[in-house]
Amino acid sequence: RVFAILLMDSVLSAQTQHAPTMYFLYEGLVVFREQDNVLFTSRVKLWASAFGGEIKSISAKYSGSQLLQKKYKEFEKSVRVEEIDGMKVVKTLAKKMEEMFRMKKEAMRRLVEAAEEAHLQHEEDPELQYEYFNAVLINEVDEEGNNVELGGEFVLEPNDHFNNLSVNLSLSVVQVPTNMYNKDPAIVNGVYWSEALNKVFVDNFEKDPSLIWQYFGSAKGFFRQYPGVKWHPDEHGVIAFDCRNRKWYIQAATSPKDMVILVDVSGSMKGLRLTIARQTVSSILDTLGDDDFFNIIAYNQEMHYVEPCLNGTLVRADRNNKAHFREHLDKLFAKGIGLLGDALTEAFTILSDFNQTGHGSVCSQAIMLVTDGATQMYDDVFAKFNWPDRKVRIFPYLIGRESAFADNMKWMACANKGYFSQISTLADVQENVMRYLHVMSRPKVIDHEHDTVWTEAYVDSTSRNKKGPSLMTTVAMPVFSTKNETVSGILLGVVGTDIPLQELMKIIPKHLLGIHGYAFAITNNGYILTHPDLRPLYQEGQKRRKPNYSSVDLSEVEWEDKDDFLRNAMVNRKTGTFSMEVKKTVDKGKRLLKMHNDYFYTEVKGTPFSVGVALSRGHGKFFFRGNVSVEAGLLDLEQPDVALADEWTYCNTDEHHEHRSLSQIQAIKLYLTGRKPHIKCDRELVQEVLFDAVVTAPLEAYWTGLALNKSENSDKGVEIAYLGTRTGLSRTSLFVVPEHLSNQDFLTAEDKEGVFNADHFPLWYKRAAEQVPGTFVYSIPFGGNENKSVVLASTAIQLLDDRKSPIVASVGIQMKLDFFQRKFWTASRQCAALDGKCTISCDNEYLPLNKHLPQTGLFFGEVESAVMNKLLLMGSFKRITLYDYQALCRVYAGSSDSARSLSHVSVGACTHVSVSFMFLLCSLPWARQSDRKWRKWGPSLMLKSSTQLSLSLSLLRSFVIQQIPSSNLFMVVVDNKCDCSSVWFIISISILNPSAHNESLKCDRLKFQKDRKRPETCHPFHPEENAMECGGTAGLSAPLTAALLPLLATFISR
């Protein structure tokens, strides 16, 4: 196996008369080292054999592995082993997801109906006075202790379903953006009629208690949220949230669009005007989503593509691309004269050509014109490219206070189904930009199509839980006016609700997917909705979001699929299977597993999502079913040493409010005894967890006996015994009091890699499953120094003796590192009689035990560079290339001095970092390479047990390497004749021009368009649309109005 280094009792040896250094390695990571006077191959072999026998005996004894294996064997004839039907699993999962999403969709439809009826019954009253609960002002008092206006007493109580926030489950609150007036008549009227939604909010929550936030975002700008919760301004006293800028609002309100933004950079745009223009363009970009395509052209007497490599085409408006263009906006400067006619011609040409490729939205089209004036109407350009169909809408934004050319720009908007706005100050930008969305929504409003939209995965500021920010998706629907003026296209707003992706994880049948199996889902654009390898947050420091966390493509995680077969099939909503070899990292990317995965995928009907399941071949494709009585199972399940996977769903306790306080074990008991008939449980999983509880029950008495026997473990070297089963059941037994544990985090929620989670089995379980049956995996937890003073030993329990046997459980122990060291000294007394500087290596990691403790966990190549280099050259280790497309590279600004400060963090390749430098710097068995590659060092040489090889280093330094039996450890004994510590472990050095290389990569990425599935509905225009509502038409001069009316009369029937 590539990751578990098994050299099968083989020895590489060389004779020397100088004092050697001995290393114990577990997969290349040093455990401890020792010096001796004589280097004898036979002696090294005896040491390794004695030590291996000793630690296996201890590990087997205190873990109870042989007892547990015996107990499972007793049931061998009564259980049934089945091969998992991956297609059946994924189709069942898809149906469950469909049902979950259908319930959310129905809740939104009820809100839409209630909102439209309430608005129909309401008569606008510009004098209306109405006190409502403002989200910022509730429970606020003035200096005299009285409630402030729009505040009032609002009862709030903590609720764990809403991340323990204090909420009001009876009422909603209203948030109004800081730049808007709380008592504006339009807002007051909207708040008044939308009060009718309170009852529907409550009813929805009662019908579906898994719902979280429900809301209505008004086209007027206010935001009604249920349950009611208090909002707090930022440190500047501002709440910048505007619901109309949110993706769920924009997607629901408009159809997908192709857009060209023209920015005037002629000399008259200098100073504040150019600043306002930049902000206007940036705000327009905020309104674009992943189904939209765009480009930006700055014009004067020439055309200047803001991104030169995208000349003549459009690019998808994902987060990365928009951020890239924003960076270029700051480079714009004003000079020369503006030739708008040429710019319009270029924009029309791009839209036409790109539309014919079929790569864009193939729906709505628009040209956004940001300028301080137009000297003519350019009707000849419009006549050539846009009339009579007027498929491209024109949205002019007049920058500045002057109105000399306003009539011309208004005429352009009205003659091309657009909207004219004038922006005089930076404060005017936001509201004026938003107006174009209402124009784009007119066709959908007139068609009265309540299209349901679903967002990609994102982190919301209100979605934090005990484990930090959580991902969610939003389902939203538009709300239209049903009054007579609907023909004008009046969008009232959008309703929506959030769906935490953790809810999706709960319905994944983890017990059927096996130790390495997993489920995942993607959007119509190929972006990951949920996947165990999605890492949206920084791992160190504050849990900040990565810049592109919401647009990670499936091909960037399942990167071994070079032809995107799996991705494209899922994007196109197909049902099928796929197979490939994969390399999966574990332990926060520090260890590697190589396996062959079979993928099964299908669509989630009624949504833009597709779901897939990955099963690893071998034991991962098999499951067994056992059977015990309910009485026996419950008796053993309720023992104090038993715990169930916290994030697995054995019973659904969210469906009814009264069940939320139940633990999973309590819910199972009520379900099986019939005392709570309304609880829904996974009967198959419950039956199997009862079986595991019965089979593993004898371990509790066994461990207790060891703990009570004072002659055993007198020095408290073994601290914990633990086990886990395929059903998420775990048992633990402490041999020391909790306060004396060397690693306090192990087997707790703080140790995410060490416990059962919604998307993975514990690390010790995974690694044990890939070892030869009967052998133990030894490792040390990565992390702070306080975690490196322990050694974990675990082994897998198989049901049968053939390769098709499922791994039914894993057991192990945690022991002190110094206890582990003493056992080596006992087994190799000649070594122990010396000065006590011993070393072991495993997983390429250095783990010295006493004086060298600070070196624990270092890569072996850092400690013995020449030896590691020779092991690589002779084939004991091999280089494995991995790709991490979610990695963040630190980009430094300024000089090349090593003391320079961190400028910013970006996503992409660190092309200027050499392999050897990263090895020596990072203390990891990885090296960052160009093109976002990582290098992992794993074993490749399998030597026959009778083989002995002699090897000398080029610096006349010789060593012996010997496997420790029944383990993933091996001993390396190195001659200390010469000091080779100055030899660097250099494999290759890649020196690239970072600037030129990164620019080339960016351009290629921007141009490259992966397959995507367009939304099923499109509403680009409507023949009944009132094009006269185009932004200040009433203010047009008489001559221009006279010229426009006949033109519109000609087009109105088209």
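Residues numbered from 1 in each chain as written. Predicted model: local features only at pLDDT ≥ 70, side-chain atom pairs only at ≥ 80, totals over all residues. Heavy atoms only, no water.

1. Remarks on the overall build of the protein
Piece 1. Within the protein, the regular secondary structure consists of 28 helices and 46 strands.
Piece 2. Per-residue burial for the protein yields a buried fraction of 58% across its 1054 residues.
Piece 3. Long-range contacts, defined as pairs at least 24 residues apart, comprise 73% of the intrachain contacts of the protein with a sequence gap of at least 6.
Piece 4. Split by element, the accessible area of the protein, about 42300 Å² in all, is 51% carbon and sulfur. (Helix = DSSP H or I, 4+ residues; strand = E, 2+ residues; numbered from the N terminus. Buried < 20%, exposed > 50% of the residue type's maximum accessible area, 1.4 Å probe, protein only. Contact = heavy atoms within 4.5 Å. Areas by Shrake-Rupley, 256 points an atom, 1.4 Å probe, with all protein chains shown as cover.)

2. So, the state of the cysteines
Piece 1. Per the stated rule, a full pass over the model turns up three disulfides.
Piece 2. Disulfide pairing places Cys-363 opposite Cys-1018 at an S-S distance of 1.9 Å. A torsion of 110° about the S-S bond marks the disulfide between Cys-363 and Cys-1018 as right-handed. Of this pair, Cys-363 sits in the loop between helix H9 (340–357) and strand E15 (364–371) while Cys-1018 is found in the loop between helix H27 (994–1007) and helix H28 (1038–1051), placing the two residues 655 residues apart along the sequence.
Piece 3. Take Cys-1018: its relative accessible area is 34%, and that puts it in the partly exposed class.
Piece 4. In this model, Cys-414 is linked to Cys-1030 through a disulfide, with the two sulfur atoms separated by 1.8 Å. Note on the Cys-414 and Cys-1030 pair: the S-S dihedral is about 75°, so by sign convention the disulfide is right-handed. Placement of Cys-414 in helix H11 (residues 406–415) and of Cys-1030 in the loop between H27 and H28 is noted, with a sequence separation of 616 residues between them. Cys-1030 matches Cys-414 in its accessibility class, with the two residues each being buried. (Disulfide = S-S within 2.5 Å.)

3. A look at the sheet that holds strand E6 (residues 165–168)
Strand pairing in a sheet is mediated by backbone hydrogen bonds. Such pairs are either parallel or antiparallel.
Piece 1. The antiparallel open sheet is built from three strands, whose spatial order is E5-E6-E10. The open sheet has two edge strands, strand E5 (157–159) and strand E10 (228–229), and neither has a second partner.
Piece 2. Here three bridges tie E5 to E6, and the two strands are oriented antiparallel to one another. Its bridge partner being in E6, Pro-158 is matched across the sheet by Ser-166. (Pairing = 2+ DSSP bridges.)

4. Overview of the UniProt feature "coiled-coil region" (unreviewed entry) in the protein
Piece 1. Using the residue numbers shown here, the UniProt feature "coiled-coil region" (unreviewed entry) corresponds to residues 97–125.
Piece 2. Split by type, residues 97–125 is 86% helix and 0% strand. Its first and last C-alpha atoms lie 44 Å apart. (UniProt positions renumbered as here; feature names shortened; annotations may be inferred.)

5. Quick word on the sheet that holds strand E23 (residues 528–530)
Piece 1. Pairing in this open sheet of five strands is antiparallel, and the strands run E23-E22-E26-E25-E24 from one edge to the other. The two strands at the open ends of the sheet, each matched to only one other strand, are E23 and strand E24 (576–586). Ignoring strand direction, the axes of neighbouring strands in this sheet form an average angle of 35°.
Piece 2. Here helix H3 (residues 86–121) sits on the sheet and contacts strand E22 (518–522), E24, strand E25 (591–603) and strand E26 (610–616); the angle it forms with E25, its principal contact strand, is near 65°. (Axes fitted to C-alpha atoms, helices over the stretch in contact; angles between N-to-C directions.)

6. Regarding the pattern of salt bridges
Piece 1. If you walk through the whole model with that rule in mind, you get 38 salt bridges.
Piece 2. With its nearest N and O atoms 2.6 Å apart, the salt bridge here joins Glu-1025 to Arg-393. Of the two residues, Glu-1025 is situated in the loop between H27 and H28 and Arg-393 in strand E16 (residues 392–399); the sequence distance between them amounts to 632 residues.
Piece 3. Residue class for Arg-393 comes out buried when judged on its relative accessible area of 2%.
Piece 4. In this structure, Arg-822 and Asp-818 form a salt bridge, with 3.8 Å as the shortest nitrogen-oxygen distance. (Salt bridge = Lys/Arg side-chain N within 4 Å of Asp/Glu carboxyl O.)

7. Some remarks on the side chain of Ser-283
Piece 1. With respect to the secondary-structure elements, Ser-283 resides in helix H7 (residues 272–286).
Piece 2. Classification of Ser-283 as buried rests on a relative accessible area of 3%.
Piece 3. For Ser-283, the residues in contact, after removing those within four places along its chain, are Val-429, Gln-430 and Val-433.

8. Notes on the environment of Arg-545
Piece 1. Structurally, Arg-545 is set in the loop between E23 and helix H16 (565–571).
Piece 2. Spatially, the C-alpha atom of Arg-545 lies 7.9 Å from that of Val-459, the residues being 86 residues apart in sequence.

9. Let's talk about unusual backbone geometry
Piece 1. Cis geometry is adopted by the peptide bond preceding Pro-227, which originates at Tyr-226 and carries an omega value of -5°.
Piece 2. Secondary-structure assignment places Pro-227 in the loop between strand E9 (223–226) and E10.
Piece 3. Following Trp-387, the chain continues into Pro-388 via a peptide bond in cis, with omega recorded as 5°.
Piece 4. Of note in this structure, Val-362 is not a glycine but carries a positive phi near 50°.
Piece 5. Along the chain, the position of Val-362 falls in the loop between H9 and E15.
Piece 6. The class of Val-362 is partly exposed, set by a relative accessible area of 40%.
Piece 7. Phi is positive for Ser-966, which is not a glycine, with a value near 60°.
Piece 8. Tracing the sequence through the fold places Ser-966 in the loop between strand E45 (959–963) and strand E46 (969–975).
Piece 9. Residue classification places Ser-966 among the partly exposed residues on the basis of a relative accessible area of 25%.

10. Overview of the environment of Asp-286
Piece 1. On the secondary structure map, Asp-286 appears in helix H7.
Piece 2. Classification of Asp-286 by relative accessible area gives partly exposed; the value is 34%.
Piece 3. Spatially, the C-alpha atom of Asp-286 lies 6.7 Å from that of Asn-245, the residues being 41 residues apart in sequence.
Piece 4. Every residue in contact with Asp-286, bar those within four places of it in the chain, is listed here: Asn-245, Ile-250, Lys-322 and Arg-326.
Piece 5. Looking at Asp-286, its side chain comes within polar contact range of the side chain of Arg-326, at 2.4 Å. (Polar contact = N/O pair within 3.5 Å; in protein donor to acceptor, adjacent residues only side chain to side chain.)

11. Here's the deal with H9
Piece 1. Over its 18 residues, H9 extends 26 Å from the first C-alpha to the last, a length consistent with the 26 Å expected when each residue adds 1.5 Å.
Piece 2. Every buried residue of H9 is listed here: Leu-340, Gly-341, Ala-343, Leu-344, Ala-347, Phe-348, Ile-350, Leu-351 and Phe-354.
Piece 3. Taken from the residues just after H9, Gly-358 is the one with a positive phi, measuring 80°. (Expected span 1.5 Å × (residues − 1).)

12. Some points on the nonpolar core
Piece 1. By size, the foremost hydrophobic cluster in this structure holds 109 residues, and its most contacted members are Met-97, Phe-101, Trp-248, Val-495, Leu-566, Tyr-599 and Val-613.
Piece 2. Among the elements that take part in this core, H3 stands out by supplying 15 residues, more than any other.
Piece 3. What Val-613 contacts, discounting residues up to four positions off in sequence, is Val-89, Val-90, Leu-93, Leu-513, Tyr-518, Ala-519, Phe-520, Asp-598, Tyr-599 and Phe-600.
Piece 4. Phe-51, Tyr-62, Leu-685 and Ala-809 belong to the second largest nonpolar core, which has 81 residues in total. (Core = buried A, V, L, I, M, F, W, Y, C linked by side-chain atoms within 4.5 Å.)

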